[in-house]
Amino acid sequence: MIVAMQAEATESQINHICDRIREFGYTPHVIRGTERTVIAAIGPGDKKEHIESLKSADGVEDAFPILQPFKLVSREVKKQRSAIQVGDVTIGDGGFVIMAGPCSVEGYEQLMSTAEAVAASGARILRGGAYKPRTSPYDFQGLAEEGLKLLAEARNRTGLKVITEVLDTEDVELVAEYADVLQIGARNMQNFALLKKLGEINRPVMLKRGLSATIKEFLLSAEYIVTHGNPNVMLCERGIRTFETATRNTLDIAAVPLLNELTHLPVVIDPSHATGKRSLVRPLAKAAVAVGADGLMTEVHPRPEEAWSDGPQSLRFEEFAAMMREIEPYINLRKSESN
Ligand code: PEP
Ligand code: MN
């Protein structure tokens, strides 16, 4: 349930409500807004008698049940959109943040040249996989810690922040030592042990939508991370599996405004994995801006024909630069409309 405190509620009244919520068998989560504090009481069921009792307590404006199955990530609990801070980069404040880089970290020259190229074109965050979730066990599995070290070096050289995927609970701490944002790939969206572990770390997480996951399942997975203690979660729509085989996946563009209705978490689009085709990345990047996404993740490679993974969907440097030029007027239009 949600307990909305009065604007003038005191700290001791807030603490008292938290105690009552615990007595009733729920866990309180205090969410401080600019005008008032709300307390989300998370637990099985929202009993009517508990709601009635809390309603009449001092300092309480109102108490009501949370209707959605996902709680802390829902807009019912928090109306204001959440922004995630990655160093000096903010995701979810109305701006449009670009994450770009190779599918896999392959080596020094490949990563440094890509990092420099994408930084020069306006990307703020460098992507690159050091642990790769490959469909075939015979495909390149990633450089592991050596790849993480290269990402950290690229950050030092360019000032870009770093996002990289973590595949396994065992690697979470190591990856968190090197990365600014931890990525949970589509194949791990419902790896609940991994999601719980990410709840315990002090780093933002980007959760990618599962290959066949519904919006509800997607948000319940985000809820796992948040309810285990980490509120800094952004969502990534990366295409879902449909009957269509002409593209690698089908970008669910409606998911973006729908998620924006249902959750306060930032939402980004990955047009590279959504399509599997380089030529489709630029048009979908424009769509991402138009539909209200908070940013974009795209794959970029110095020589896509030689890439160890996902070459056909990777942009060349000049194509990435062209994409950035192409979306700029759309970003500016969005900015002027929101002012
Ligand atoms: C990736 O971004 O490197 C990746 C493997 O994507 P996804 O998990 O969306 O397939
Ligand atoms: Mn890839």
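Residues numbered from 1 in each chain as written. Chains lettered and ligands numbered in written order. Predicted model: local features only at pLDDT ≥ 70, side-chain atom pairs only at ≥ 80, totals over all residues. Heavy atoms only, no water.

## Quick look at the overall build of the chain
Broken down by element type, the chain carries 11 helices and 14 strands. Its C-alpha atoms give the chain a radius of gyration of 21 Å, near enough to 20 Å, the size a compact globule of 339 residues would have. A principal-axis box enclosing the C-alpha atoms of the chain has dimensions of 65 × 45 × 45 Å. Taken over 339 residues, the chain has a buried fraction of 54%. Long-range pairs, those at least 24 residues apart, make up 69% of the contacts in the chain between residues at least 6 apart in sequence. Put simply, the chain shows about 14700 Å² of open surface, and 50% of that area lies on carbon and sulfur atoms. Side-chain charges of the chain comprise 39 positive and 46 negative groups, with the mean position of each set lying 2 Å from the other. (Helix = DSSP H or I, 4+ residues; strand = E, 2+ residues; numbered from the N terminus. Rg over C-alpha atoms; globule rule 2.2 N^0.38 Å. Buried < 20%, exposed > 50% of the residue type's maximum accessible area, 1.4 Å probe, protein only. Contact = heavy atoms within 4.5 Å. Areas by Shrake-Rupley, 256 points an atom, 1.4 Å probe, with all protein chains shown as cover. Lys, Arg positive; Asp, Glu negative; His and termini not counted. Charge placed at Lys NZ, Arg CZ, Asp CG, Glu CD.)

## Here's the deal with the coordination of the manganese ion (ligand 2)
When four donors bind a metal tetrahedrally, each ideal donor-metal-donor angle is 109.5 degrees, and when six bind octahedrally, the ideal angles are 90 or 180 degrees. C103 (SG), H273 (NE2), E299 (OE) and D310 (OD) make up the full set of protein donors to the manganese ion (ligand 2), lying at 1.9 to 2.3 Å. Positions of the donor residues of the manganese ion (ligand 2) along the chain correspond to the pattern C-x169-H-x25-E-x10-D. You can see H273 sitting in helix α9 (residues 271-275) and its partner E299 sitting in strand β14 (residues 295-299), a full 26 residues away along the chain. The two residues H273 and E299 agree in class, both being buried. (Donors = N, O, S within 2.8 Å, 3.2 Å for Na, K, Ca; no water.)

## Overview of the site of ligand 1
Every residue near ligand 1 is listed here: R127, K132, P133, E165, Q183, G185, A186, R187, K208, R238 and H273. Q183 is positioned with one of its side-chain polar atoms (N or O) 2.9 Å from an oxygen atom of ligand 1. For ligand 1, an oxygen atom lies 2.8 Å from a polar atom in the side chain of R187. For ligand 1, whose free accessible area comes to 300 Å², the fraction covered by protein is 96%. (Near = heavy atom within 4 Å. Polar contact = N/O pair within 3.5 Å; in protein donor to acceptor, adjacent residues only side chain to side chain.)

## A look at the nonpolar core
In terms of nonpolar packing, the biggest core is built from 76 residues, with L198, F320 and I327 touching the most fellow members. With six residues, the single largest contributor to this core is helix α7 (residues 215-227). M1, I21, Y26 and A63 belong to the second largest nonpolar core, which has 16 residues in total. (Core = buried A, V, L, I, M, F, W, Y, C linked by side-chain atoms within 4.5 Å.)

## Description of the side chain of E237
Structurally, E237 is set in strand β12 (residues 233-237). At 3.1 Å, the side chain of E237 forms a polar contact with the backbone nitrogen of D252. Residue contacts for E237: discarding those within four places in its chain leaves R209, T250, L251, D252, A255, V268, I269 and D270.

## A closer look at the domain arrangement of the chain
Here the domain parsing of the chain yields domain 1 (2-64) and domain 2 (84-338). On a C-alpha basis, the centres of domain 1 and domain 2 stand 36 Å from each other. (Domains from an automatic or database assignment.)

## Topic: the packing of helix α6 (residues 192-199) against α7
Relative to each other, α6 and α7 sit at 40°, their axes nearing to 6 Å. With respect to each other, α6 and α7 are oriented oblique. Contact residues: α6 offers F192, L195, K196, L198 and G199, while α7 offers S221, Y224 and I225. (Axes fitted to C-alpha atoms, helices over the stretch in contact; angles between N-to-C directions. Parallel < 35°, antiparallel > 145°, perpendicular 65-115°, else oblique.)

## A few points about the environment of E173
Along the polypeptide, E173 turns up in helix α5 (residues 172-178). A sequence separation of 138 residues divides E173 from E35, and the C-alpha atoms of the two residues are 37 Å apart. Polar contacts involving the side chain of E173 include one to the side chain of K197, which spans 3.2 Å.

## Looking at the packing of α7 against helix α8 (residues 255-262)
α8 packs onto α7 with a crossing angle of 50° between their chain directions and a minimal axis gap of 12 Å. The orientation of α7 with respect to α8, classified from their angle, is oblique. Regarding α7 and α8, the two cross each other, and that crossing is right-handed. Only A255, L258, L259 and L262 of α8 make contact with α7, whose side of the interface consists of I215, F218 and L219. (Left-handed = near helix turned anticlockwise from the far one by under 90°.)

## Let's talk about unusual backbone geometry
If you check the backbone angles, A144 has positive phi at about 55° while not being a glycine. Tracing the backbone through its elements, the reader meets A144 in the loop between β8 (125-127) and α4 (145-158). For A144, a relative accessible area of 27% corresponds to the partly exposed category. The backbone of D310 sits at a positive phi, close to 55°, despite the residue not being glycine. A residue is classified by how much of its surface remains accessible, and D310, at 18% relative accessible area, is buried.

## Details of the environment of L150
Assignment of secondary structure puts L150 in helix α4. Leave out the neighbours within four places in its chain, and L150 touches V105, G107, Y108, L111, M112 and L143.

## Details of the pairing of strand β2 (residues 27-32)
The sheet contact formed by β2 and strand β3 (residues 37-42) spans six bridges and is antiparallel. Each residue of the ladder has a partner; that of V30, found in β3, is I39. If you look at the hairpin formed by β2 and β3, you'll find four residues sitting between the two strands. (Pairing = 2+ DSSP bridges.)

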